[in-house]
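# Secondary and tertiary structure notes
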Amino acid sequence: MKNNLICVLIGAPGAGKGTQAKSVANYYNCKLISTGDILRENVENRTLLGLEAKKYIDNGNLAPAQIVVSMIKNVVKSFVENKAGADKSLLFDGFPRDLEQNKLFEQILDELNLSIKGVIYINIDDDIVYERLTNRRICPKCNRVYHLKFNPPKFDNLCDDCKVKLITREDDKIDVIKKRLEVYKKLTYPLIEYYRKKNKVVEINGNKSADDVLKDIIAGINCAK
Ligand code: AMP
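None of these values were measured; they are calculated from a predicted model.

By size, the foremost hydrophobic cluster in this structure holds 55 residues, and its most contacted members are Ile10, Val76, Phe92, Ile120 and Ile217. Residue contributions to this core peak at seven residues, all from helix α4 (residues 65-81). Setting aside its immediate chain neighbours within four residues, Ile10 contacts Lys17, Pro96, Val119, Ile120, Tyr121, Ile122, Tyr184, Thr188, Leu191 and Ile192.

Right under this line is the structure:
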C-alpha cells in the first residue's frame with residue numbers, strides 16, 4: 001500500500017469484517033482500528049466507557065456516537081503524532097457506522113490532513129449472517145473464534161489452545177442478531193450510498209470463502225483511485 005492510505009471496512013454483522021480486517025492490515029502492514037474490538041476490550045476490563053457501551057452492545061444497538069468518536073479521535077491522533085514523516089496508513093473496521101459518525105470522522109481526517117482512499121463494502125446475504133453468527137463460538141480466554149460446523153473445536157465445546165469452555169457472544173443470540181441487522185440496514189446503508197456517490201465504494205461479494213473475499217478486497221484496494 002502507498003503511504004497514508006486510509007480505508008474503511010463496512011459490512012453487516014457476520015460479514016467477516018473482523019477476520020478480513022486482520023488479514024488486510026497484515027497484508028498491507030497498516031494500523032487496524034476496530035471499534036468493536038476496542039469496545040469489547042473496555043467491556044472486559046470494566047472501564048467506565050465499557051460499562052456504558054455494554055448496555056448498547058448487548059441489545060444490538062450502536063454505542064453513542066460521542067463515546068465512539070472521541071475514543072477514535074484519541075487513537076488516531078496519538079498514532080499520527082507518533083508517525084511524523086512515516087507511513088500513516090490506517091484501516092478502520094466497523095467505523096464509521098452511520099452518517100453522524102462519518103461527519104465527525106471526516107473532520108478528524110481533515111484536521112490531520114488525511115483523506116479516505118476507499119470504502120470496502122462486504123455485501124452478504126441475511127441467511128448467511130444468521131448461519132454464521134448462530135454457530136459462532138469464542139474462547140473467553142484467547143478470543144479465538146470457532147464455527148460449530150465449518151471450524152469446530154477438536155474437543156466438544158473446548159478451545160483447542162486453552163481448553164477453556166467456549167462461549168456464545170451475548171450479541172450473537174438470535175434476537176440480538178435480528179436487531180443488529182435492522183440497525184445496520186437503517187443506519188449504515190445511507191453511509192454506503194454517501195460513499196457510492198463519491199465513487200469510493202469497493203463492493204465485495206462476502207458470500208464467498210474467506211480466502212476468496214480477501215483476494216477480492218486486495219484487488220479492489222489496489223484499483224481504488
Ligand atoms: P462489531 O464487532 O463491529 O460487530 O461491533 C459489535 C458492537 O459494538 C456493535 O453491535 C455496536 O453495539 C458496537 N459498535 C462497534 N462499532 C461501533 C461504532 N462505530 N459505533 C457504535 N457502536 C459500535
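A word on the sheet that holds strand β1 (residues 6-11). One key point about sheets: their strands pair by backbone hydrogen bonds, in either a parallel or an antiparallel sense. What the five strands build is an open sheet, ordered β2-β3-β1-β4-β7; its pairing is parallel. Each edge of the sheet is formed by a strand with only one pairing partner; in this case those strands are β2 (31-34) and β7 (201-205). For this sheet, the mean angle separating the axes of adjacent strands, direction not counted, is 20°. Where β1 and strand β3 (residues 90-93) come together, four bridges link them in parallel fashion. Along β3, the bridge assignment pairs Leu9 with Asp93. Together, β2 and β3 form the strand contacts of α4, whose direction differs from that of β2 by roughly 170°. Across the sheet, helix α8 (residues 210-223) is in contact with β1, β4 (116-123) and β7; its angle to β7 comes to roughly 160°.

Here we take up the packing of aromatic side chains. For the structure shown, the criterion picks out six aromatic pairs. Look at Phe92 and Phe95: their rings are 6.2 Å apart centre to centre, the planes differ by 45°, and that puts the pair in the tilted class. For Phe92, a relative accessible area of 0% puts it in the buried group. Seen from their ring centres, Tyr184 and Tyr189 are 5.6 Å apart, and the 75° between their planes marks the pair as edge-to-face. One aromatic cluster is present, built from ring pairs that chain together Phe92, Phe95 and Phe105.

The subject of this paragraph is helix α7 (residues 174-197). Every α-helical turn comprises 3.6 residues, leaving residues that sit three or four positions apart pointing alike. Spanning 24 residues, α7 covers 34 Å between terminal C-alpha atoms, matching the ideal 34 Å at 1.5 Å per step. Of all the bends in α7, the largest measures some 35° and sits at Thr188, one to four residues before the proline Pro190. Of all the positions in α7, only Val176, Ile177, Arg180, Leu181, Val183, Tyr184, Thr188, Leu191, Ile192 and Tyr195 are classed as buried. Residue Asn199 follows α7 closely and has a positive phi angle near 60°.

Mapped onto the fold, Ser78 is located in helix α4. The exposure class assigned to Ser78 is partly exposed, which follows from its relative accessible area of 37%. For Ser78 and Asp156, which are 78 residues apart along the polypeptide, the C-alpha to C-alpha distance reads 43 Å.

Moving on, we get to the site of the ligand. Neighbouring the ligand are 17 residues; Thr35, Arg40, Asn61, Gly94 and Gln101 lie closest to it. A distance of 2.9 Å is found between an oxygen atom of the ligand and a side-chain nitrogen or oxygen belonging to Arg40. Bound to the protein, the ligand loses 95% of the 480 Å² it would expose on its own. In terms of residue count, helix α2 (residues 35-44) provides more of the shell around the ligand than any other element does, four residues in total.

Moving on, we come to the packing of helix α6 (residues 126-134) against α7. Where α6 contacts α7, the axes come no closer than 11 Å and their chain directions differ by 140°. Comparing their axes, α7 and α6 come out oblique. Relative to α7, α6 is oriented so that their crossing is right-handed. Judged by residue contacts, Asp126, Val129, Tyr130, Leu133 and Thr134 of α6 engage Ile174, Ile177, Lys178, Arg180, Leu181 and Lys185 from α7.

Procedures and definitions
- Residues numbered from 1 in each chain as written.
- Predicted model: local features only at pLDDT ≥ 70, side-chain atom pairs only at ≥ 80, totals over all residues.
- Heavy atoms only, no water.
- Core = buried A, V, L, I, M, F, W, Y, C linked by side-chain atoms within 4.5 Å.
- Buried < 20%, exposed > 50% of the residue type's maximum accessible area, 1.4 Å probe, protein only.
- Helix = DSSP H or I, 4+ residues; strand = E, 2+ residues; numbered from the N terminus.
- Contact = heavy atoms within 4.5 Å.
- Pairing = 2+ DSSP bridges.
- Axes fitted to C-alpha atoms, helices over the stretch in contact; angles between N-to-C directions.
- Phe/Tyr/Trp six-rings, centres within 6.5 Å; stacked < 30°, edge-to-face > 60°.
- Expected span 1.5 Å × (residues − 1).
- Bend = angle between axes of the 7 residues up to and from the residue.
- Near = heavy atom within 4 Å.
- Polar contact = N/O pair within 3.5 Å; in protein donor to acceptor, adjacent residues only side chain to side chain.
- Areas by Shrake-Rupley, 256 points an atom, 1.4 Å probe, with all protein chains shown as cover.
- Parallel < 35°, antiparallel > 145°, perpendicular 65-115°, else oblique.
- Left-handed = near helix turned anticlockwise from the far one by under 90°.

Honestly, it's all geometry; don't read function into it.
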